[in-house]
Amino acid sequence: MNKVFDDATTALQDVQDGMTLMLGGFGLCGIPENGIAALVAKGVRNLTCISNNAGVDDFGIGLMLQQRQVRKMISSYVGENAEFERQLLSGELEVELIPQGSLAERCRAGGAGIPAFFTPAGYGTEVQDRKEVRWFNGKAHILEYALTADFALVKAWKGDTDGNLIFKGTARNFNPPMAMAGKITVAEVEELVPAGALDPNQIHTAGIFVQRIFQGEAYEKRIEKRTTR
Ligand SMILES: CC(=O)CC(=O)O
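Residues numbered from 1 in each chain as written. Predicted model: local features only at pLDDT ≥ 70, side-chain atom pairs only at ≥ 80, totals over all residues. Heavy atoms only, no water.

## A look at empty space enclosed by the protein
Going through the model one piece at a time under the given rule, you end up with one cavity of 30 Å³ or more. Of the volumes computed, that of the largest cavity is approximately 50 Å³. The wall of the largest cavity is formed by Leu 23, Gly 24, Gly 27, Ile 31, Pro 32, Ile 36, Ser 51, Asn 53, Ala 54, Gly 55, Gly 60 and Ile 61. Residue composition of the lining of the largest cavity, grouped by class: six nonpolar, six polar and no charged. (1 Å grid on protein atoms, 1.4 Å probe; cavity = no way out; pocket = protein on both sides within 12 Å on 5 of 7 lines; lining within 4 Å. Points joined across faces, edges and corners; volume = space filled by probe spheres on them. Nonpolar A, V, L, I, M, F, W, Y, C, P; charged D, E, K, R; others polar.)

Dropping the structure here:
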């Protein structure tokens, strides 16, 4: 199976209106920038996007929000995005807010074939609304369902032609669990190398989870490396 695509446009050519997408990243770090640019150019709409956050107005999923391509966001953090706030308050955008650990675990469960799990996070809050509650070791837990997506878009530092991925630093964040949970996972990498060139001990996501891979064109490094004082 050839997994290598020329670019984001060809790797995402069959994304359609109304689909559910997972997009890796945390804040502005580890964002599938080339994939997002291709989706903006393609103009697909009515999307459900599962992502920790929705970028900022001019970066990440914020670019898709500007074009009104997103119908629903499933996220854990939604600050620092004025257009997001406007669409939410006007009723244009549906938002499901999930505790951050539950979001990560719902993606991981989806990738691991676990349909649901119990967690104490959110008990006694709006998150619990209409969810089954069970007690374990004297503590209340709520039932959370796994998440999967038609496409998962992830960004890695290096990848090989078999789809094995290495993430760099905190860009690892939501990318590995989302890579497992996509029916089709599309990985964009800063450097694409031949199969066998990566040290197997360094691989974070095994190629079996990745159906498509391409080398991204350019990455905007919004987060600078800080030197310790
Ligand atoms: C705080 C978060 O979850 C992510 C962000 O900083 O955007």
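## Considering the packing of aromatic side chains
In the structure shown here, the tally under the stated rule is two aromatic pairs. Judged by centre distance (5.4 Å) and plane angle (55 degrees), the ring pair of Phe 118 and Phe 136 falls under tilted. Placement of Phe 118 in strand 5 (residues 116–119) and of Phe 136 in strand 6 (residues 133–136) is noted, with a sequence separation of 18 residues between them. The exposure class assigned to Phe 118 is partly exposed, which follows from its relative accessible area of 24%. You can call Phe 136 partly exposed: its relative accessible area is 31%. Consider the rings of Tyr 123 and Trp 135, whose centres lie 6.2 Å apart with planes at 70 degrees: the pair is edge-to-face. Within this pair, whereas Tyr 123 is found in the loop between strand 5 and strand 6, its partner Trp 135 is found in strand 6, the two being separated by twelve residues in sequence. Residue classification places Trp 135 among the exposed positions, given a relative accessible area of 56%. Across the ring face of Tyr 219, the terminal group of Lys 155 is positioned such that the distance to the ring centre comes to 4.5 Å. (Phe/Tyr/Trp six-rings, centres within 6.5 Å; stacked < 30°, edge-to-face > 60°. Helix = DSSP H or I, 4+ residues; strand = E, 2+ residues; numbered from the N terminus. Buried < 20%, exposed > 50% of the residue type's maximum accessible area, 1.4 Å probe, protein only. Lys NZ or Arg CZ within 6 Å of the ring centre and 35° of its normal.)

## Thoughts on the state of the cysteines
Applying the stated rule across the entire model yields zero disulfides. Free of any disulfide, Cys 49 has its nearest cysteine sulfur in Cys 107, 13 Å distant. A relative accessible area of 0% means that Cys 49 is categorised as buried. The class for Cys 107 is buried, based on a relative accessible area of 0%. (Disulfide = S-S within 2.5 Å.)

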